[in-house]
Amino acid sequence: MADCRLAVDAGECDNLIDPYLDKLYSGEWEKERLMEEVYFHNVKSLLAGFEQGYGKKFFSPEWTMEDNNLLSRVQNNIFAFSGAKCFAELEELRDAVYENGRLASPGDFRRKARQINARYNLNYLDAERQQVIAAGTQGSRWIDFEETKDTHPYLEYVTARDEHVREEHRNLDGLIYSIDDPFWDRYYPPNGWRCRCTVRKCTEREYAHKTGNYESRAKTPMPSSEDAQRMGGKVVAKPFRHNVGKSRIIFEDGHPYFKANDDARALQLSAVKNYGMKPVKEIYGHPKKLSGYKQEICTEDDYREYWRILESHYGKEGEGFTLVDRKNNISARFDSDLKEKLFKRGRFDYFDEAIDVFNAPDEVWATQQTSSTFDNELYNVYLKYYKDTPIVLLVSMDGRVDSFYKWEKNINDFEKFRVGLLKQKR
């Protein structure tokens, strides 16, 4: 495995927390507000780890829809986990203001706060990053296993097979079951912090050969799937009992961090309360600072010609086009159904803003809509504030642009789009 240590030292770690210490000590820092620099530091470190482990360059020519689905959902899990972790750290930092029931001195608080921060953002983050790297590797491999199961229908559990392997995982070494066996739903690696276990795919012939080797070595028949699952339940802790390739998450909401804040666990962090951002009403108190329109599309012919130009640059004529936001690792597919929907609904005359909304948004969120239209799925929401009203570009977790429109309701009601997981702000 490539070097997966954190590229941050103790001094840089102190710089993350120092701007917040005075307000934490005085009690001015709002209880529900997370520490933005700490939050994005964790997000950046963990997402880089996932890409490092994935083994395939994001959005490369061999990138598939299944790759995109896995990345989209894992990313949201990492954002949610980072937010919850930030709140867990905040709880400890607030407790450090007092020692034995008495107010600590500013110097003692600062010293203790830096120690807490180093534990969260050096020690813990190093282990979490390694977990994410391993999950990236195994998630990518699961996609390959699914694609090749007609020729390689079995999987073998394989440890690192050296003196460092923990005894509990050694008991799983050599187990072989069908790729569709429920064993892999709960005991697919990684199965613990710093777990180095992996899985190999096998043909029918390899399955017979390896099963024979296992039974000869263990002097016992290959355990049934039910027995293997009982064995796994004894050696793998509950937070690790899932298959990242199928669940598309790395950190389950049962992780202790998520107990620190209900909004983080529910993926419902809000712009104003939790991220300390300006309310939309205040943003529109200074309209001269907001974006203006190009106004290059006036007729249906202009619209269809503009769409054709985008297809020629970013796709294929008549088949739509795809834009990639490499900063946020989001792919957005603009298909012909969207083209016709925007025309029929009278939203075509400002479609020349779509590129700017996607490439230079004011905010990017993952939000969960509860209407029947959105079926409770998380969507990546791109927001850009124009002089008259915001424009919204909605991208599904499958990478399809579901909608593009101006906000036409009361501007105060727009805050509902600013609840979820903040991915980028201007």
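Residues numbered from 1 in each chain as written. Predicted model: local features only at pLDDT ≥ 70, side-chain atom pairs only at ≥ 80, totals over all residues. Heavy atoms only, no water.

Draft legend 1. Representation of the overall build of the chain in the model. Across its full length, the chain holds 14 helices and 13 strands. In the chain, of all internal contacts separated by at least 6 residues, the share reaching a separation of at least 24 is 72%. If you average the places of the 66 positive and of the 72 negative side-chain charges in the chain, the two averages end up 3 Å apart. (Helix = DSSP H or I, 4+ residues; strand = E, 2+ residues; numbered from the N terminus. Contact = heavy atoms within 4.5 Å. Lys, Arg positive; Asp, Glu negative; His and termini not counted. Charge placed at Lys NZ, Arg CZ, Asp CG, Glu CD.)

Draft legend 2. Main features of the nonpolar core. Core analysis: the biggest nonpolar cluster contains 100 residues, and M35, F334 and F351 have the highest contact counts within it. Per element, the largest residue contribution to this core is 13 residues, and it comes from helix α3 (residues 65–95). (Core = buried A, V, L, I, M, F, W, Y, C linked by side-chain atoms within 4.5 Å. Buried < 20%, exposed > 50% of the residue type's maximum accessible area, 1.4 Å probe, protein only.)

Draft legend 3. Region of interest: the pairing of strand β9 (residues 363–368). Judged by how many residues are buried, β9 sits mostly within the fold: 5 of 6 residues are covered. Relative to strand β10 (residues 378–385), β9 runs antiparallel, the two sharing 6 bridges. Of the residues in β10, the one forming a bridge with A366 is N380. Strand direction decides the pairing type here: β9 and strand β13 (residues 419–425), joined by 4 bridges, are antiparallel. Directly across from V364, in β13, lies its bridge partner Q424. (Pairing = 2+ DSSP bridges.)

Draft legend 4. View of the packing of helix α2 (residues 36–54) against helix α4 (residues 106–147). Two elements in contact, α2 and α4, have axes separated by 7 Å at closest approach and are oriented at 35 degrees. Between α2 and α4 lies a crossing of right-handed hand. Residues V38, H41, N42, S45, L46, A48, G49, F50, Q52, G53 and Y54 of α2 form the contact with α4, whose participating residues are N121, L125, E128, R129, V132, I133, A135, G136, T137, S140 and I143. (Axes fitted to C-alpha atoms, helices over the stretch in contact; angles between N-to-C directions. Left-handed = near helix turned anticlockwise from the far one by under 90°.)

Draft legend 5. Representation of the state of the cysteines within the structure. Using the criterion set out here, one finds 0 disulfides in the structure. Lacking any disulfide linkage, C195 is separated from the closest cysteine sulfur, that of C197, by 3.6 Å. (Disulfide = S-S within 2.5 Å.)

Draft legend 6. How the structure looks around the pairing of strand β7 (residues 321–325). Side chains F321, L323 and D325 project from β7 onto a buried face, and the interleaved T322 and V324 project onto a face without burial. One ladder, built from 5 bridges, connects β7 with strand β8 (residues 330–334); its direction is antiparallel. Opposite V324, over in β8, you have S331 as the bridge partner.

Draft legend 7. Main features of the sheet that holds strand β4 (residues 176–178). Strand order in the open sheet formed by 3 strands is β4-β3-β5, with antiparallel pairing between adjacent strands. Edge positions in the open sheet fall to β4 and β5 (198–202), since each of these has one partner strand only. Taking each pair of neighbouring strands and ignoring which way they run, the sheet shows an average axis angle of 30 degrees. Strands β3 (154–158) and β5 of the sheet are contacted by α4, whose axis makes an angle of about 10 degrees with β5.

Draft legend 8. Main features of the side chain of T159. Looking at the element boundaries, T159 is found in the loop between β3 and α5 (167–170). Here R161 takes part through its backbone nitrogen, which lies 3.1 Å from a polar atom of the side chain of T159. With residues near it in sequence (within four places) discarded, T159 still touches V165, H169, R170, D173 and C197. (Polar contact = N/O pair within 3.5 Å; in protein donor to acceptor, adjacent residues only side chain to side chain.)

Draft legend 9. Focus on the sheet that holds β10. Taking strand neighbours across the sheet as the criterion, the 6 strands line up as β6-β13-β9-β10-β11-β12 in an open arrangement whose pairing is antiparallel. Unpaired on one side and paired on the other, β6 (269–270) and β12 (401–406) mark the two borders of the sheet.

Draft legend 10. Inspection of the environment of E415 at higher detail. By the element assignment, E415 lies in the loop between β12 and β13. In this structure E415 comes out as partly exposed when scored by relative accessible area, which is 21%. Distance from E415 to I249, taken between C-alpha atoms, is 27 Å for residues 166 residues apart in sequence. If we ignore the near neighbours within four places in the chain, the residues touching E415 are A271, V272, P279 and V280.

Draft legend 11. Local environment of the packing of aromatic side chains. Going through the model one piece at a time under the given rule, you end up with 43 aromatic pairs. Arranged with centres 6.3 Å apart and planes meeting at 55 degrees, the rings of Y39 and F79 form a pair that is tilted. Pair noted here: Y39 is in helix α2 and F79 is in helix α3, with a separation of 40 residues, a long-range link. We note that Y39, like F79, is buried. Taking NZ or CZ as reference, R304 lies 5.0 Å from the ring centre of F343, over its face. (Phe/Tyr/Trp six-rings, centres within 6.5 Å; stacked < 30°, edge-to-face > 60°. Lys NZ or Arg CZ within 6 Å of the ring centre and 35° of its normal.)

Draft legend 12. Structural view of the pattern of salt bridges. Per the stated rule, a full pass over the model turns up 36 salt bridges. Of the charged contacts in the structure, one is a salt bridge between R230 and D227, with a shortest N-O distance of 2.3 Å. Taken together, the positions of R230 and D227, both in helix α8 (residues 225–235) and 3 residues apart, correspond to about one turn of that helix. Overall, D227 belongs to the partly exposed group, its relative accessible area being 38%. With a closest N to O distance of 3.2 Å, K294 and E353 form a salt bridge. Within this pair, whereas K294 is found in the loop between α11 (280–283) and α12 (300–314), its partner E353 is found in the loop between α13 (336–344) and α14 (354–359), the two being separated by 59 residues in sequence. Judged by relative accessible area, which is 1%, E353 ranks as buried. Put simply, D14, D18, D22, R110 and R114 are held in one network by salt bridges that share partners. (Salt bridge = Lys/Arg side-chain N within 4 Å of Asp/Glu carboxyl O.)

Draft legend 13. Up close: unusual backbone geometry. That bond from P189 to P190 is cis: its omega, 0 degrees, falls within 30 degrees of zero. Along the chain, P190 falls in the loop between α6 (183–186) and β5. A positive phi angle, near 65 degrees, is found at F59, a position not held by glycine. Along the chain, F59 turns up in the loop between α2 and α3. We classify F59 as buried; its relative accessible area is 13%. In this structure, R194 takes a positive phi of about 60 degrees despite not being glycine. Of note, R194 is situated in the loop between α6 and β5.

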